[in-house]
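Residue-level listing of the chains:
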Amino acid sequence: MNNEYQELEYHNNTVLGVLLGMLVGGMAGAVAMLLMAPQSGEKTRKQIEHKSIELRDRATELVDDTLSQVRAKANNLMTSGRKNFKELKHQGQELAVEQLEHVSDAAKAGKKAIQGL
């Protein structure tokens with residue numbers, strides 16, 4: 001039991017260490033990139049700004065495209081659902097009329113049988 005706890009604790013420490021190492025390494029890389037950039041900080045900031053605007057616009061387009069596709073599919077589903085409902089309703093009405101005719105015929109036959117007695 002104690003051994004299992006030690007293994008779990010070791011695993012958690014290892015995962016935490018890896019995540020912390022990735023975070024520190026990423027930050028160090030970002031700082032080094034900015035310090036060693038071949039252009040001025042102002043140019044780099046402008047470039048980052050332009051890229052972020054470009055990415056925002058692309059993301060907005062993707063969201064709009066996705067929403068329009070979802071709306072179109074939902075509309076198609078609603079249309080086909082309504083069509084299927086109308087067809088089922090019509091089939092149900094035909095079946096009800098047919099069954100009423102059978103009941104009516106059976107009632108007439110029963111009436112004739114009673115009158116014939």
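Structural notes, computed from the coordinates. (Residues numbered from 1 in each chain as written. Predicted model: local features only at pLDDT ≥ 70, side-chain atom pairs only at ≥ 80, totals over all residues. Heavy atoms only, no water.)

Attention now goes to the overall build of the chain. If you tally the helices and strands in the chain, you get two helices and zero strands. Among the 117 residues that make up the chain, the fraction classed as buried is 1%. Approximately 11000 Å² of the chain is accessible, and the part contributed by carbon and sulfur atoms is 63%. (Helix = DSSP H or I, 4+ residues; strand = E, 2+ residues; numbered from the N terminus. Buried < 20%, exposed > 50% of the residue type's maximum accessible area, 1.4 Å probe, protein only. Areas by Shrake-Rupley, 256 points an atom, 1.4 Å probe, with all protein chains shown as cover.)

Residues E94, E98, E101 and D105 make up a contiguous surface patch of negative charge. On the basis of relative accessible area, E101 is assigned to the partly exposed category, the value being 48%. (Patch = residues over 30% accessible without salt bridge, like charges linked within 9 Å, V, L, I, M, F, W, Y side chains within 5 Å. Salt bridge = Lys/Arg side-chain N within 4 Å of Asp/Glu carboxyl O. Lys, Arg positive; Asp, Glu negative; His and termini not counted. Charge placed at Lys NZ, Arg CZ, Asp CG, Glu CD.)

Attention shifts here to the pattern of salt bridges. The full count for this structure, using the stated rule, is one salt bridge. Residue D57 is joined to R56 by a salt bridge in which the shortest nitrogen-to-oxygen separation is 3.3 Å.

Turning to a nonpolar patch on the surface, a few remarks are in order. A cluster of nonpolar residues, V15, V18, L19 and M22, forms a patch on the protein surface that exposes about 380 Å² of accessible area. Secondary-structure assignment places M22 in helix α1 (residues 2–35). Owing to a relative accessible area of 58%, M22 belongs among the exposed residues under this scheme.

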